[in-house]
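The lines below spell out each chain.
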Amino acid sequence: MPELTTEVDRLSLIIKIGSMPVRVNTTDAGFFAMLQDRYAGFVASPEYAEIEFDVDLTPRRGPDPEADVRVTQQHGRWTFERGDFRAEWAPASRTGWIRQTANPYSIDAVLRIVHTLVLAREGGFLLHSASAIRNGKAFLFAGVSEAGKTTISRLAPPDATLLTDEISYVRKHDSGKQDAGYIAYGTPFTGELARLGENVSAPIAALYLLAKGKENRIDPILPAEAARSLLANLLFFAEDEELVQSIFHSAFEFVSRVPVSRLTFVPDARVWELIG
Amino acid sequence: MSKLYMARNPRVAARSLDGEMMIMSGRDSTLFTLNKTATILWQAADGATPLDEIVEHRICPEFEVEPAQALHDAETLARELASHEILQISEEPIAPASPSSGASR
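What you see is a predicted model; the values in this text were computed from it and never measured.

### So, the overall build of chain B
- Broken down by element type, chain B carries three helices and six strands.
- Listing every helix and strand of chain B by position from the N terminus yields β-β-β-β-α-β-α-α-β.
- Taken against the 2.2 N^0.38 rule, which gives 13 Å for 105 residues, the C-alpha radius of gyration of chain B at 13 Å falls within 12% of a compact globule.
- Within chain B, the proportion of its 105 residues that are buried is 30%.

### A word on the interface of chain B and chain A
- Each side of the interface is counted separately: chain B has 16 residues, and chain A has 15 residues.
- Going through the elements one at a time, β2 (12–17), β3 (20–25) and β4 (31–34) of chain B are the ones with two or more residues in the side of chain B that touches chain A.

### Observations regarding the pairing of strand β2 (residues 20–26) of chain A
Residues and elements named next belong to chain A.
- As paired elements, strand β1 (residues 11–17) and β2 share seven bridges and run antiparallel to each other. Opposite I17, over in β2, you have M20 as the bridge partner.
- Bridging between β2 and strand β4 (residues 51–57) involves four bridges; their strand directions are parallel. Within β4, the position partnered with R23 by the bridge is E52.

### Concerning the sheet that holds strand β5 (residues 70–74) of chain A
Residues and elements named next belong to chain A.
- Overall, mixed pairing links the eight strands, which are arranged β3-β1-β2-β4-β8-β7-β6-β5 in an open sheet. For this open sheet the edge positions go to β3 (43–44) and β5, each flanked by a neighbour on one side alone.
- Sitting on the sheet, helix α1 (residues 29–38) is in contact with β1, β2, β3 and β4, with an inclination near 20° to β1.

### Some thoughts on the nonpolar core
- Ranked by internal contacts, the top residues of the largest apolar core, which has 104 residues, are V110(A), L140(A), A251(A) and L41(B).
- Broken down by element, the residue count for this core peaks at nine residues, all from helix α2 (residues 104–122) of chain A.
- Counting contributing residues, this core receives three or more from each of domain 1 (11–120) and domain 2 (125–274) of chain A.
- Once you skip the residues sitting within four places of it in the chain, V110(A) turns out to touch F80(A), F85(A), A87(A) and I98(A).

### Observations regarding the pairing of β4(B)
All names here are of chain B.
- In terms of strand pairing, β3 meets β4 through four bridges, oriented antiparallel. Its bridge partner being in β4, M22 is matched across the sheet by T33.
- In this antiparallel pair of consecutive strands, β3 and β4, the connection spans five residues, and S29 shows a positive phi of 65°.

### Some points on the domain arrangement of chain A
All names here are of chain A.
- Here chain A is partitioned into domain 1 (11–120) and domain 2 (125–274).
- The C-alpha centroid of domain 2 is placed 25 Å from the C-alpha centroid of domain 1.
- On the domain 2 side, the residues contacting the 18 residues of domain 1 number 19 residues.
- Top element by residues in the side of domain 1 that touches domain 2 is α2. It accounts for eight residues.
- Here the residues of the side of domain 1 that touches domain 2 are counted per class, giving nine nonpolar, seven polar and two charged.

### Regarding the sheet that holds strand β1 (residues 5–8) of chain B
Residue and element names in this part refer to chain B.
- Taking strand neighbours across the sheet as the criterion, the three strands line up as β5-β1-β6 in an open arrangement whose pairing is antiparallel. Every other strand in the sheet has two partners, leaving β5 (46–50) and β6 (87–90) as the edge strands with one partner each. In this sheet, neighbouring strand axes are inclined to one another by 25° on average, regardless of whether the strands run parallel or antiparallel.
- By the bridge criterion, four bridges tie β1 to β6 in an arrangement that is antiparallel. When the bridges of β6 are listed, Y5 appears paired with S90.
- Along the sheet face, helix α3 (residues 67–83) touches β1 and β6 and points at about 120° away from the line of β6.

### Concerning the environment of A74(B)
Residue and element names in this part refer to chain B.
- Inspection of the secondary structure puts A74 in helix α3.
- Between the C-alpha atom of A74 and that of T30, which follows or precedes it by 44 residues, the distance is 22 Å.
- Contacts of A74, omitting those with residues within four sequence positions, involve L41, L51, V55 and I59.

### Things to note about the packing of α2(A) against helix α5 (residues 241–257) of chain A
Residue and element names in this part refer to chain A.
- At a minimum axis distance of 8 Å, the contact between α2 and α5 shows a crossing angle of 65°. Crossing of α2 over α5 shows left-handed handedness. Together, L117, A120 and R121 of α2 and L243, S246 and I247 of α5 make up the contact between the two elements.
- Here the residues of the contact of α2 with α5 sort into four nonpolar, one polar and one charged.

### Focus: unusual backbone geometry
All names here are of chain B.
- Although it is not a glycine, D18 sits at a positive phi angle of roughly 55°.
- In this fold, D18 is placed in the loop between β2 and β3.
- Its 10 C-beta neighbours within 10 Å are what place D18 among the exposed residues.
- Phi is positive for E64, which is not a glycine, with a value near 50°.
- Residue placement: E64 occurs in the loop between α2 (51–63) and α3.
- Judged by local crowding, E64 falls into the exposed class, with 8 C-beta atoms found within 10 Å.

Calculation criteria
- The residue numbering used here restarts from 1 in each chain and proceeds along that chain's sequence as written.
- Whichever chain is written first becomes A and whichever ligand is written first becomes 1, with later ones labelled in order.
- Residue-level local features of this predicted model are given only where pLDDT is at least 70; pairs of side-chain atoms are given and counted only at 80 or more, and the full residue set underlies all totals for whole chains, interfaces and linings.
- Runs of H or I in DSSP of at least four residues are treated as helices and runs of E of at least two as strands, each being numbered from the N terminus.
- In this description the radius of gyration comes from C-alpha coordinates, and the expected globular size is given by 2.2 Å times residues to the power 0.38.
- Counting other C-beta atoms within 10 Å of a residue's C-beta gives its exposure: the residue is buried at 20 or more, exposed at 12 or fewer, and partly exposed in between, where C-beta atoms are placed from the backbone.
- Each residue gets a C-beta atom placed from its backbone, and two residues are in contact if those atoms lie within 7 Å.
- Any two strands between which DSSP finds at least two bridges are classified as paired.
- Fitted lines through C-alpha atoms give the axes, limited to the stretch in contact for helices. The angle between two N-to-C directions lies from 0 to 180 degrees.
- Among buried residues, those of type Ala, Val, Leu, Ile, Met, Phe, Trp, Tyr and Cys that are joined through C-beta atoms within 7 Å form a set called a nonpolar core.
- Note that the domain bounds reflect an automated or database-derived domain assignment.
- Amino acids are sorted into nonpolar (Ala, Val, Leu, Ile, Met, Phe, Trp, Tyr, Cys and Pro), charged (Asp, Glu, Lys and Arg) and polar (every other residue, Gly among them).
- A crossing counts as left-handed when the near helix is turned anticlockwise from the far one by less than a right angle, and as right-handed when that turn is clockwise.

Written as structure tokens, this is what we have:
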């Protein structure tokens, strides 16, 4: 009698970004190998995972891969949708699924989204900024596309450890109200440099708003400009009033605790003499 | 001419820093920075005070403008803020939102 079912091996990978382990399960060996390669440096040994996703690979793309992402919540269940993927996640059960083709970009987007949701509840966020550690302190360099995130990353001296050239991971650290601060973590979310950040972390010493100019200099800015610029560079996708309120006020708290300045620079490595 | 009443939308996040009012839409995270006039309207939008009184007592003394022109401009601005769901507007007084809603600081 022919077998009616076939047992398929499930392959699991823990991707740990910002000290949050996310388990990804797939039955596709090729996709699994791609994940191992894509997130090298952020793959943790099997352990407890805060979130677990089953990936269901589909043979063809959705109707509109360029469509905007939509992140909505209903009855405690999140839905993430873009032209190239659909995913659901239930925080209560810590589990979810992703339906996508075998490509690294869709799951990368899902991971970014889920991290923004978790961070928003904790006073942290993902920020459009490069970041690096120097002398034990983390420095963030924020700006929109073409502001210079890739350039400042490329100019980093050997004693600076690059956390990311594109999306910084910021987590609030509460060790008593007086000592509350922020930690920057390395991420695998890359920009033009296409180089994964180092999977390390450090307390954030400063946020610089990047501007290209004719000389290297640091100028103070008013708190309102700092808050406005930070808010403008936050990554946040969820259509959720409570989380929007949370991330909005988190941005103000951040600028009240972390020095924010404008860093004007020429594309020259000497700019790093001002940092650290 | 009918009265126009305004109330702050409790579903946005709002905060003032250095006199600059920033508002983020709770629906789609769009960030708005209000100018001085819009900030006055936002702060005075209690749902009970009609726009013409706000213009007379808060805007005209501040900007030294003709009351009729000021009211026209303020109404245009209020409707624009309402179109972005920052303010609610009505020709009737607007009842206050429940205490649990809204997070203006």
